Amino acid sequence: MKHFPESELIINADGSCFHLHLKPEQLADKVILVGDPARVNTVAAHFDTIECEVQSREFHTITGTYKGKRITCQSHGIGCDNIDIVMNELDTLANIDYETRTEKPEHRTLTCVRIGTCGGLQPFTPTGSFVASVKSIGFDGLLNFYADRNDVCDLEMEEAFKEHMQWNPIKGAPYVSIADADLIEQIAQDDMVRGYTISCGGFYGPQGRVLRANIADPDQNKKVESFEYNNLKICNFEMESSALAGLASLLGHRAMTCCMVIANRYTTEMNTEYKNSIDTLIQKVLDRI
């Protein structure tokens, strides 16, 4: 039986995991992930009961019940690097015995739905629309550091995308992770746009924004918008869904991302008041998870 030493599985003195400061008994099987720590309160405002609340850095957690369902809402901050922390630590809480530092004999599967915001890339993704990420193209490279990444990625789509983009290998290899198909059906239903998502390693240059620093490929976004594979297009830019879907698959969990479009790069529209309307998406996910 594999033993996880202190340097690999870091457990705080109070028995909680290193970054999230959660204890195993505080984690529900259903997990809603949000970027903004303040949005955890927005989600939890719908809960019927609150069981616990924990906060450490950008990681804010509330576990409670909603219509009889026990749910954990967990913030992850911005970027795939934070998803690496959150998904790994949630998995340790579910599948490692903190007393013996060994893997539990029976695997516990988490259902994780990320509710986020994004930039739309198509005329059919105007501001206010909801996008469910069927597959996510990771510009961040995170999953490439894990063995067996090929087993959970669409390798043919990766090659088609690199060819279409005339991809410069100096950027590192993009990967294509796959959301849980049954969970997509459960959450997206008939009122979310389904398509591909690009998870970027930054908000400005990696998403094609030009301020004072020029970007390496001025035609990047035009190429992204024109890419099509198996009759689906790239619908949006965001910064976390590739790592979430990929790590969840590697660890045996169900995961997907759904985002509200708050900016449309195609039409150059932006809604800075999105916090007033994202509650509609939160309600849908709570009812369907």
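Bear in mind that the values here come from a model prediction, so they are computed numbers and not experimental data. (Residues numbered from 1 in each chain as written. Predicted model: local features only at pLDDT ≥ 70, side-chain atom pairs only at ≥ 80, totals over all residues. Heavy atoms only, no water.)

Colleague: I keep staring at the overall build of the protein chain and nothing clicks. Help me out?
Modeller: Of the regular secondary structure elements, the protein chain holds seven helices and 14 strands. In terms of overall dimensions, the protein chain has a C-alpha envelope of 55 × 40 × 40 Å along the principal axes. Across the 289 residues of the protein chain, 53% fall into the buried class. Nonlocal contacts in the protein chain, meaning residues at least 24 apart in sequence, comprise 75% of its contacts between residues at least 6 apart. Per element, the accessible surface of the protein chain, about 13000 Å² overall, is 49% carbon and sulfur. Computed over 27 positive and 41 negative side-chain charges, the separation of the two mean positions in the protein chain equals 4 Å. (Helix = DSSP H or I, 4+ residues; strand = E, 2+ residues; numbered from the N terminus. Buried < 20%, exposed > 50% of the residue type's maximum accessible area, 1.4 Å probe, protein only. Contact = heavy atoms within 4.5 Å. Areas by Shrake-Rupley, 256 points an atom, 1.4 Å probe, with all protein chains shown as cover. Lys, Arg positive; Asp, Glu negative; His and termini not counted. Charge placed at Lys NZ, Arg CZ, Asp CG, Glu CD.)

Colleague: I tried to follow the packing of aromatic side chains on my own but got confused; where do I start?
Modeller: How two aromatic rings sit relative to each other is set out by the distance from centre to centre and by the angle between their planes. For the structure shown, the criterion picks out six aromatic pairs. Ring centres of phenylalanine 161 and phenylalanine 227 lie 5.3 Å apart, and the angle between their planes is 90 degrees; on these two criteria the pair is classed as edge-to-face. Residue phenylalanine 161 is found in helix H3 (residues 155-165), and its partner phenylalanine 227 is found in the loop between helix H5 (220-226) and strand E11 (228-229); the two are separated by 66 residues along the sequence. There is no split in this pair, since phenylalanine 161 and phenylalanine 227 are both buried. (Phe/Tyr/Trp six-rings, centres within 6.5 Å; stacked < 30°, edge-to-face > 60°.)

Colleague: What exactly am I supposed to notice about the pattern of salt bridges here?
Modeller: When the charged atoms of two side chains lie near each other, side chains of opposite charge can form a pair. Using the criterion set out here, one finds 14 salt bridges in the structure. Close ionic contact of aspartate 287 with lysine 67 constitutes a salt bridge, the shortest N to O distance being 3.2 Å. Of this pair, aspartate 287 sits in helix H7 (residues 279-288) while lysine 67 sits in the loop between strand E3 (59-66) and strand E4 (69-75), and the two are 220 residues apart along the sequence. When the shortest N-O distance is used, the salt bridge between glutamate 185 and arginine 194 registers 2.6 Å. A relative accessible area of 47% places glutamate 185 in the partly exposed class. A relative accessible area of 26% means that arginine 194 is categorised as partly exposed. Here the salt bridges do not stand alone but share partners, grouping Arg114, Glu238 and Glu240 into one network. (Salt bridge = Lys/Arg side-chain N within 4 Å of Asp/Glu carboxyl O.)

Colleague: Would you mind going over helix H4 (residues 181-188) with me for this structure?
Modeller: Residues spaced three or four apart along an α-helix face the same direction, because each turn holds 3.6 residues. When H4 is considered as a whole, its buried residues turn out to be Leu183, Ile184, Ile187 and Ala188. Each buried residue of H4 sits inside an arc of 105 degrees when the element is viewed along its axis, so together they form one side. Opposite its buried face, H4 presents the exposed residues Ala181 and Asp182, each directed more than 90 degrees away. Those residues of H4 hidden inside the fold are in contact with strand E7 (111-120), strand E8 (130-138), strand E10 (193-199), strand E13 (254-264) and H7. Capping the start of H4, aspartate 180 holds a side-chain oxygen 3.2 Å from the backbone nitrogen of aspartate 182, two or three residues further along. Looking at the residues trailing H4, positive phi occurs at glutamine 189, about 45 degrees. (Arc of directions from axis to C-beta. Polar contact = N/O pair within 3.5 Å; in protein donor to acceptor, adjacent residues only side chain to side chain.)

Colleague: Before we go on, may I ask you to explain a nonpolar patch on the surface in this structure?
Modeller: A surface patch of nonpolar side chains, amounting to about 340 Å² of accessible area, comprises Phe203, Tyr204 and Leu211. You can see phenylalanine 203 is positioned in the loop between E10 and H5. The class for phenylalanine 203 is partly exposed, based on a relative accessible area of 39%. (Patch = residues over 30% accessible without salt bridge, like charges linked within 9 Å, V, L, I, M, F, W, Y side chains within 5 Å.)

Colleague: I would appreciate a short explanation of the packing of helix H2 (residues 80-95) against helix H6 (residues 241-251) in the present structure.
Modeller: To describe two helices that pack against each other, one gives the angle between their axes and the distance between the axes. In contact at an axis separation of 9 Å, H2 and H6 are set at 25 degrees when each is read in the N-to-C sense. In terms of axis orientation, H2 runs roughly parallel to H6. The hand of the H2/H6 crossing is right-handed. Every residue of H6 that contacts H2 at Cys80, Ile83, Asp84, Met87, Asn88 and Asp91 is listed here: Ser242, Ala243, Leu244, Leu247, Ala248 and Leu251. Partitioned by chemical class, the residues of the contact of H2 with H6 number eight nonpolar, two polar and two charged. (Axes fitted to C-alpha atoms, helices over the stretch in contact; angles between N-to-C directions. Parallel < 35°, antiparallel > 145°, perpendicular 65-115°, else oblique. Left-handed = near helix turned anticlockwise from the far one by under 90°. Nonpolar A, V, L, I, M, F, W, Y, C, P; charged D, E, K, R; others polar.)

Colleague: Explain the pairing of strand E12 (residues 232-238) here, please?
Modeller: Within a regular beta strand, the side chains point alternately toward one face of the sheet and then the other, so they alternate between its two faces. Among the seven residues in E12, five count as buried, and that is most of the element. In terms of strand pairing, E7 meets E12 through two bridges, oriented antiparallel. In the sheet register, glycine 120 faces E12, and the bridge partner there is asparagine 236. Looking at chain direction, E10 and E12 are connected through four bridges and run parallel. Residue pairing in the sheet places threonine 197 in a bridge with asparagine 236 of E12. Inspection of the sheet shows E11 paired to E12 by two bridges, in the antiparallel sense. Looking at E12, one finds that tyrosine 229 is bridged to leucine 232. (Pairing = 2+ DSSP bridges.)

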